[in-house]
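# Structural overview for review
Residue strings, one per chain:
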Amino acid sequence: MNRINLNHLKVACVGIVLLFTTNCSLDPVWYSEATPETFFTSKESVYNYDYPHNVLL
């Protein structure tokens, strides 16, 4: 029983170390710019906009 707990403790410690040592980039990514030409100016322009359906693909 003590051996199993020791193995679980080792795995947990390795997991915690890996969690805190992984690098993630916090720099913002700019995919596009918001300009006045891209804003909707009326309800009709919103209704007539051809929405891309594959944005998340």
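One can find the structure itself at the top, above this paragraph.
Everything numeric here is computed off the predicted structure, so don't read it as measured data. (Residues numbered from 1 in each chain as written. Predicted model: local features only at pLDDT ≥ 70, side-chain atom pairs only at ≥ 80, totals over all residues. Heavy atoms only, no water.)

### Brief notes about the overall build of the protein
A count of helical and extended segments in the protein gives 2 helices and 0 strands. Within the structure as shown, the protein displays about 6300 Å² of accessible surface, and the carbon and sulfur contribution to it stands at 64%. (Helix = DSSP H or I, 4+ residues; strand = E, 2+ residues; numbered from the N terminus. Areas by Shrake-Rupley, 256 points an atom, 1.4 Å probe, with all protein chains shown as cover.)

### Considering a nonpolar patch on the surface
A cluster of nonpolar side chains, Ile16, Leu19 and Phe20, forms an exposed patch at the surface whose accessible area comes to about 370 Å². Within the secondary structure, leucine 19 sits in helix H1 (residues 2-21). We classify leucine 19 as exposed; its relative accessible area is 58%. (Patch = residues over 30% accessible without salt bridge, like charges linked within 9 Å, V, L, I, M, F, W, Y side chains within 5 Å. Salt bridge = Lys/Arg side-chain N within 4 Å of Asp/Glu carboxyl O. Buried < 20%, exposed > 50% of the residue type's maximum accessible area, 1.4 Å probe, protein only.)

### Looking at the packing of aromatic side chains
Each aromatic ring pair is described using two quantities: the centre-to-centre distance and the angle formed by the ring planes. Under the criterion given, the structure shown has 1 aromatic pair. Each ring, one from phenylalanine 40 and one from tyrosine 49, has its centre 5.4 Å from the other, and the planes form 75°; the classification is edge-to-face. By relative accessible area, which is 43% here, phenylalanine 40 ends up partly exposed. (Phe/Tyr/Trp six-rings, centres within 6.5 Å; stacked < 30°, edge-to-face > 60°.)

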